[in-house]
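An overview of the molecular structure
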Amino acid sequence: MSSLWRRRRKGGKPEEINSGSNLAIPTHFRCPISLELMKDPVSLATGVTYDRESIDRWLDTGNTTCPVTNQVLRNSDQIPNHALRKMIQDWCVDNKSHGVERIPTPRIPITSYEVSDICSRIVAASRGRHDIKCQELLTKINNLAKESDRNRRCLVKNGIGAALAESFAHFSKQENLNLQREIMSALTWSFPLGEGGVSDLKSSASLRCMARFLKGDDLSSRRDAIFVMRELVISSREDVHGLVEIQGIEETLFQAMKVPICAGATQACLVVVRHIMMLSQEKVTVRFVRLGLVDLVLEILVDGSKSACEKALAVLDEMCRTGEGKERARRNALTVPILVKKILRVSDVATELCVASLWKVCLGGDGEGGLVEAVGVGGFQKLLLLLQLGCADKTKEKATHLLKSMNVYRKKIECFDSSFGFNYVNWPN
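Residues numbered from 1 in each chain as written. Predicted model: local features only at pLDDT ≥ 70, side-chain atom pairs only at ≥ 80, totals over all residues. Heavy atoms only, no water.

1. Topic: the side chain of serine 172
Relative to the helices and strands, serine 172 is located in the loop between helix H6 (160-171) and helix H7 (177-187). Residue classification places serine 172 among the buried positions, given a relative accessible area of 6%. Filtering out sequence-adjacent residues up to four positions away, serine 172 remains in contact with Gln180, Ala205, Ser206, Cys209 and Arg212. (Helix = DSSP H or I, 4+ residues; strand = E, 2+ residues; numbered from the N terminus. Buried < 20%, exposed > 50% of the residue type's maximum accessible area, 1.4 Å probe, protein only. Contact = heavy atoms within 4.5 Å.)

2. Here we look at the pattern of salt bridges
A full pass over the atoms with the stated rule returns 17 salt bridges. With its nearest N and O atoms 2.6 Å apart, the salt bridge here joins aspartate 317 to lysine 360. Here the residue aspartate 317 occupies a position in helix H16 (residues 306-319), and lysine 360 occupies one in helix H19 (residues 348-362), the gap between them amounting to 43 residues. Accessibility expressed as a relative area gives 5% for aspartate 317, which makes it buried. (Salt bridge = Lys/Arg side-chain N within 4 Å of Asp/Glu carboxyl O.)

3. Remarks on helix H12 (residues 249-258)
For H12, a buried count of seven out of 10 residues is recorded, marking the element as mostly surrounded by other parts of the structure. Listed in full, the buried residues belonging to H12 are Ile249, Glu250, Thr252, Leu253, Phe254, Ala256 and Met257.

4. Focus on the nonpolar core
In terms of nonpolar packing, the biggest core is built from 104 residues, with Leu201, Ile226, Met229, Leu253 and Leu293 touching the most fellow members. The element best represented in this core is helix H13 (residues 263-279), accounting for eight residues. Apart from residues no more than four positions distant in its own chain, leucine 293 is found in contact with Phe254, Met257, Val273, Met277, Phe288, Val315 and Met319. Counting residues in hydrophobic clusters, the runner-up holds 20 residues, among them Cys31, Leu44, Cys66 and Leu84. (Core = buried A, V, L, I, M, F, W, Y, C linked by side-chain atoms within 4.5 Å.)

5. Comments concerning the packing of helix H10 (residues 219-235) against H12
In contact at an axis separation of 12 Å, H10 and H12 are set at 120° when each is read in the N-to-C sense. In this structure, H10 crosses over H12, and the sense of that crossing is left-handed. Contact residues: Arg222, Ile226 and Met229 in H10; Ile249, Leu253, Gln255 and Ala256 in H12. (Axes fitted to C-alpha atoms, helices over the stretch in contact; angles between N-to-C directions. Left-handed = near helix turned anticlockwise from the far one by under 90°.)

6. Details of the packing of aromatic side chains
Applying the stated criterion across every chain, the model contains one aromatic pair. With centroids separated by 6.1 Å and ring planes inclined at 75°, the aromatic side chains of phenylalanine 29 and tryptophan 91 adopt a geometry described as edge-to-face. A residue pair is termed long-range when its members are at least 10 positions apart, and phenylalanine 29 in the loop between strand E2 (14-16) and strand E3 (41-43) and tryptophan 91 in helix H2 (residues 82-94) qualify at 62 residues. The buried category is assigned to phenylalanine 29, whose relative accessible area is 4%. Over the aromatic face of tryptophan 189 sits the side chain of arginine 152, whose NZ or CZ is 5.0 Å from the ring centroid. (Phe/Tyr/Trp six-rings, centres within 6.5 Å; stacked < 30°, edge-to-face > 60°. Lys NZ or Arg CZ within 6 Å of the ring centre and 35° of its normal.)

This is a description of form; function is not addressed.
Structure representation (structure tokens):
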């Protein structure tokens, strides 16, 4: 290497150690994978040294060989190369005048043994109702998780979620709100919890505790509560029954969306609400409809992100399965225009949900006005294009049915667009 050490990042500009100098980084100080100066050199069983972050990414993607030698690794143990790290630090100090900053001594990552010990201690502290001891362990867990992604993955992999879930279940019956809040915050990144952890969180006391935080004034606690609820219903569908039994949970979730905490929390609420509707009796869905959820979901759809639109459309589709839901959707002037607009604009999933909701709203009962409006806002052309591009069989069936029904109103609204090369006057009735 004759001049500056540079490395072009993907999609970025060359990175330099120090512009304006001819400083060259010794080859043996560079990671064989990233070609960058190693900050935390570790050696594998093959004897080759890599930067810990780079080799972690390599192993996390499922590779089982040494990148340099291509030998199959007997184990994934990483031995810190302290001698090389000290040499790199000395080199950085010697070249301080060139703008090179000394690499700090890295913290030793947590081990699975240490995680198991922490899990045992926090469970014992929660069972014994030792608030102070539990608080100290929670602080330690959070600090370890913040140190590195590796630590966080190790904590999750070795069961910290289940231990935290049991602690939360124990302390849910007490009035120590600060401790409950901290455990819940840690739970947001601790999933999956395992069968035991899910069982603890779906207890009546735990669910009611989450619901109380969701009703509270503290925004971070409200956000954490809905995130934990979302992961819980995704992990175990049976848990929605416990949520439904909480008095006023429908209004609580509705208010969390009506007065949004953040975009992520709103989407988490939509996931929870949809699971509740899917797995509960129709009267639960009707309660959401009567609260005004149809109108609220349509507002979210106006300028929502791709992810938000998909989740909102899924909730709208569930509500339109009920008579009251369809009637409320028909009364809202935004329903048909938004559904037509979102076809082919968001994703395949969103398109299927749009067609399904249009099919429910526009056909049967008092849906004639919806059909006329759909034709007027370009729904005929959108559905025709969808059929030309191809879609799932169920969506194709609904789209065809809608097109045939719209064709009845061809004399009422002149919306034929010859650019499609199709004259719907000849569309089969």
